[in-house]
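An overview of the molecular structure
What follows is each chain in one-letter form.
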Amino acid sequence: MLLPMGSIYDLLEQYPDEKACERYFIEKRWPNGVYCPKSDCESSDVYDCHSARRLKMWKCRKCQHKFTVTSGTVMAGTKLPLRKWMIAYHEMGSAKKGISSRHLARKLSIGLRPAWHLGHRIRATMADDSQLFSGTVESDEAYLGGRRRRHGRGYRGNKVAVQTIIKRGQATTRRDRDLARGHEYSKAQTVVLNPTDSVDGRTVGAKLRKHTIPNKTVLMTDESPIYDAVGDVFREHHTVTHKAQQYVKQEDDGHLAHTNTAEGYFGNFKRQVDGTHHHISKRHAQRYAEEHDHKYNHRNKDDTAIAEAAIANMEGKRVKLFKSKASGGDSLLPYAHDEHPDHGTARGAHAAPRRAIRAKRTKRR
Ligand SMILES: [Zn+2]
């Protein structure tokens, strides 16, 4: 019988050592018996190698593949104790506004670099880009990233554009929520718009069409002209004019036009970015959005269930965050050298102005 993680106290009591944690991950990964993780094999004809290694090892009789519980998952090749993985999952699942790499490093007595990797691997298991919405759907964009000095409030050069597509839940007021038992909560799918792309109808429309069934969807947006052409594809398209301080509009056909669900979502997401991470790189912004989506979409469950839903999603999610020459340079994410945490000084965002200041100084001499 597999015990749930429970609170952090329960976790430490129920899983006191590596063996217990290994059993937990084995049970989570293969509830119906161990099978070969090679995608073209998946044979259940495997045997225990009685390996002297840290982790129990099996060998597949069909394809001779040797594997452990971590093979082919985000934990592949990890040197960290599995107990630290469990605690990290618990911490990240229960932190409402996310947790920073430094915080994770201190909690687990590991370095900053492994903590940063650990965090991103856990975020990768929270990713789910398969949402397909119909019904009442809101779409809105926001810009994440701090204000640049001397550039005013509207400056977007250092910001990353994010679009969220939200299927509205059924109950809108607390009274409705109490009345409707088992009602559907609103669900979100957030996508980071490519930083080099301008936010236009084409980019926003492509994401909308990917995650909705247009002829079964009533679209709600603000007055932004980028939705003009996209809106025609949908069964209905309602807008509110935020510029004229209009936030809710009662339509004649009974629909309530607003994007308040999306605004609420961004309110929480921006607090996580500003309050916990202070700065997120454009390249990895999608991972943070996935983490936030995961927590938003599972928010009616308890903390443990949020972590366990991510653990259940580990299979086949190998993440290589760095381009290595040996692997032919193919990685899941492009990675700029100057963003590596080993390089200490976070250049990138501020590199250009610093260089400009230096040039000025030399000129004066
Ligand atoms: Zn096999």
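Structure: see above.
First, a word on scope: everything that follows refers to the structure included in this document. From a predicted model like this one, the values you see are computed outputs, not experimental measurements.

Some thoughts on the overall build of the chain
Scanning the chain from terminus to terminus reveals 12 helices and 10 strands. Burial analysis of the chain (365 residues in total) assigns 32% to the buried set. Restricting the contact set of the chain to residue pairs at least 6 apart, pairs at least 24 apart contribute 58%.

Points about unusual backbone geometry
Despite not being glycine, Gln245 shows a phi value in the positive range, around 60 degrees. Tracing the backbone through its elements, the reader meets Gln245 in the loop between strand S8 (236-240) and strand S9 (249-250).

A look at the sheet that holds strand S2 (residues 58-60)
Read from one edge of the open sheet, three strands run S1-S2-S3, paired in antiparallel fashion. Unpaired on one side and paired on the other, strand S1 (46-48) and strand S3 (66-67) mark the two borders of the sheet. In this structure, S2 lies alongside S3, joined through two bridges in antiparallel fashion. Looking at S3, one finds that Lys59 is bridged to Lys66.

Quick look at the packing of helix H4 (residues 101-108) against helix H5 (residues 112-126)
When two helices pack together, you describe them by how their axes are tilted relative to each other and by the distance separating the axes. It is at 8 Å that the axes of H4 and H5 come closest, and there the two elements cross at 110 degrees. In terms of orientation, H4 lies roughly perpendicular with respect to H5. For the crossing formed where H4 meets H5, the hand is right-handed. Every residue of H5 that contacts H4 at Ser101, Arg102, Leu104, Ala105 and Leu108 is listed here: Leu112, Ala115, Trp116, Leu118 and Gly119.

A short note on the packing of H5 against helix H10 (residues 285-297)
Orientation of H5 relative to H10, taken along the N-to-C sense of each, is 55 degrees, at an axis distance of 8 Å. When the axes of H5 and H10 are compared, the pair comes out oblique. Relative to H10, H5 is oriented so that their crossing is left-handed. Of the residues in H10, those touching H5 at His120, Arg123, Ala124 and Met126 are Arg287, Glu290, Glu291 and His294. Of the residues contributing to the contact of H5 with H10, the split by class is two nonpolar, two polar and four charged.

Here we look at helix H7 (residues 201-211)
For an α-helix the count is 3.6 residues per turn, leaving residues at separations of three or four pointing the same way. Taken as a whole, H7 has its buried residues at Val204, Leu208 and His211. For H7, the angular spread of buried residues about the axis comes to 80 degrees, placing them on one side. Where H7 is buried, its residues meet strand S4 (133-144), strand S5 (160-167), strand S6 (187-192), strand S7 (212-222) and helix H8 (228-231).

Description of the nonpolar core
One finds Val162, Val192, Tyr265 and Ala285 to be the most contacted residues of the largest nonpolar core, which totals 31 residues. When contributions to this core are tallied by element, the ones reaching two or more residues are S4, S5, S6, H7, S7, helix H9 (260-277) and H10. The contact partners of Ala285, leaving out residues within four places of it in the chain, are Leu144, Val160, Val192 and Ile280.

Considering the sheet that holds S4
The strand order across the open sheet formed by five strands is S6-S5-S4-S7-S8, and the pairing between neighbours is mixed. Of all strands in the sheet, those with a lone pairing partner are S6 and S8, marking the two edges. Within this sheet the neighbouring strands show an average axis-to-axis angle of 25 degrees, counted without direction. As defined by bridge partners, S4 adjoins S7 across five bridges and the pair is classed as parallel. Across the sheet, residue Gly135 finds its bridge partner in S7, namely Thr217. Docked against the sheet, H7 engages S4, S5, S6 and S7, running at close to 30 degrees with respect to S5. In this fold H9 packs onto S4, S5 and S6, with an angle of close to 40 degrees to the strand it touches most, S4.

Considerations on the pairing of S4
Where S4 lies against S5, eight bridges are found, and the strand directions are antiparallel. By the bridge assignment, Ser139 is partnered in S5 with Ile165.

Focus: the environment of Gly231
Following the sequence through the fold, Gly231 ends up in helix H8. By C-beta crowding, Gly231 is classed as buried, having 20 other C-beta atoms within 10 Å. Along the chain, Gly231 and Leu219 lie 12 residues apart, while their C-alpha atoms are 7.1 Å from each other. Excluding its chain neighbours within four sequence positions, the residues that come into contact with Gly231 are Leu219 and His237.

Reading guide: rules and limits
- Residues numbered from 1 in each chain as written.
- Predicted model: local features only at pLDDT ≥ 70, side-chain atom pairs only at ≥ 80, totals over all residues.
- Helix = DSSP H or I, 4+ residues; strand = E, 2+ residues; numbered from the N terminus.
- Buried ≥ 20, exposed ≤ 12 C-beta atoms within 10 Å, placed from the backbone.
- Contact = placed C-beta atoms within 7 Å.
- Pairing = 2+ DSSP bridges.
- Axes fitted to C-alpha atoms, helices over the stretch in contact; angles between N-to-C directions.
- Parallel < 35°, antiparallel > 145°, perpendicular 65-115°, else oblique.
- Left-handed = near helix turned anticlockwise from the far one by under 90°.
- Nonpolar A, V, L, I, M, F, W, Y, C, P; charged D, E, K, R; others polar.
- Arc of directions from axis to C-beta.
- Core = buried A, V, L, I, M, F, W, Y, C linked by C-beta atoms within 7 Å.

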